[in-house]
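Read off the chains here:
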Amino acid sequence: MNLKVIGTGCEDCDRLYENTKQAIAQLGIEAELEKVEDLMEIVKLGVMTAPSLMKDGKLIISGQVVSTDKIVKLLQK
């Protein structure tokens, strides 16, 4: 599983990244987690709101910080 937290390095982006890390740990799954902060990369991904979370190239969270529990549920789908 490939996960990307997308945002320009704001506080909310950092919080979403940390919540995603915790969700991966809770699930005990193998996942590649990366932070995309470069504006050109964000545009290439087609993301217009931050923070956002992509799972295997599909946007699953857009423009909001969600709890670790909510991320766990989204990753289990």
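Note that the structure is predicted; figures quoted are calculated from it, not measured. (Residues numbered from 1 in each chain as written. Predicted model: local features only at pLDDT ≥ 70, side-chain atom pairs only at ≥ 80, totals over all residues. Heavy atoms only, no water.)

Examining the pattern of salt bridges
Okay, step 1: Taken as a whole and assessed by the stated rule, the structure comprises 5 salt bridges.
Okay, step 2: Here D12 and R15 are joined by a salt bridge, their closest N and O atoms 2.5 Å apart. With a gap of 3 residues between them, D12 and R15 both fall in helix α1 (residues 11-27), about one helical turn apart.
Okay, step 3: Residue class for R15 comes out partly exposed when judged on its relative accessible area of 37%. (Salt bridge = Lys/Arg side-chain N within 4 Å of Asp/Glu carboxyl O. Helix = DSSP H or I, 4+ residues; strand = E, 2+ residues; numbered from the N terminus. Buried < 20%, exposed > 50% of the residue type's maximum accessible area, 1.4 Å probe, protein only.)

Overview of the sheet that holds strand β1 (residues 2-6)
Okay, step 1: Spatially, 4 strands are ordered β2-β1-β3-β4 in an open sheet, and the strand pairing comes out mixed. If you trace the sheet from one side to the other, it starts and ends with β2 (32-36) and β4 (58-62), each paired once. Going across the sheet, the axis of each strand differs from the next one's by a mean of 20 degrees, ignoring polarity.
Okay, step 2: In terms of strand pairing, strand β3 (residues 52-55) meets β4 through 4 bridges, oriented antiparallel. (Pairing = 2+ DSSP bridges. Axes fitted to C-alpha atoms, helices over the stretch in contact; angles between N-to-C directions.)

Looking at the nonpolar core
In summary, soluble globular proteins display a tendency toward joint burial of nonpolar side chains.
Okay, step 1: L16, L53, I61 and I71 are the most contacted members of the largest nonpolar core, which has 14 residues in total.
Okay, step 2: Elements with a minimum of two residues in this core: β1, α1 and α3 (68-76).
Okay, step 3: If near-sequence neighbours (up to four positions away) are discounted, L16 is found in contact with V5, P51, S52, L53, I61, Q64, V65, V66 and I71.
Okay, step 4: In this structure, I6, V36, I42 and M54 belong to the second largest nonpolar core, which totals 5 residues. (Core = buried A, V, L, I, M, F, W, Y, C linked by side-chain atoms within 4.5 Å. Contact = heavy atoms within 4.5 Å.)

Digging into the confidence of the model for the chain
Okay, step 1: On average, residues of the chain score 95 in pLDDT, and 100% of them reach the 70 mark or higher.
Okay, step 2: Mean pLDDT values for the elements of the chain range from 94 in helix α2 (residues 39-45) up to 98 in β1. (pLDDT = per-residue confidence, 0-100.)

Description of the packing of α1 against α3
Okay, step 1: The geometry of α1 relative to α3 is characterised by a closest axis approach of 8 Å and an angle of 60 degrees between their N-to-C directions. Taken together, the axis directions place α1 and α3 in an arrangement best described as oblique. In the packing of α1 onto α3, the handedness of the crossing is right-handed. Across the interface between the two elements, L16, N19, T20, Q22, A23, I24, Q26 and L27 of α1 pack against T68, D69, I71, V72, L75 and Q76 of α3.
Okay, step 2: Taken together, the residues of the contact of α1 with α3 break down into 7 nonpolar, 6 polar and 1 charged. (Parallel < 35°, antiparallel > 145°, perpendicular 65-115°, else oblique. Left-handed = near helix turned anticlockwise from the far one by under 90°. Nonpolar A, V, L, I, M, F, W, Y, C, P; charged D, E, K, R; others polar.)

Brief notes about α1
Okay, step 1: End to end, α1 covers 25 Å across 17 residues, agreeing with the expected 24 Å (1.5 Å per residue, within 8%).
Okay, step 2: On its buried face, α1 is in contact with β1, β2, β3, β4 and α3. (Expected span 1.5 Å × (residues − 1).)

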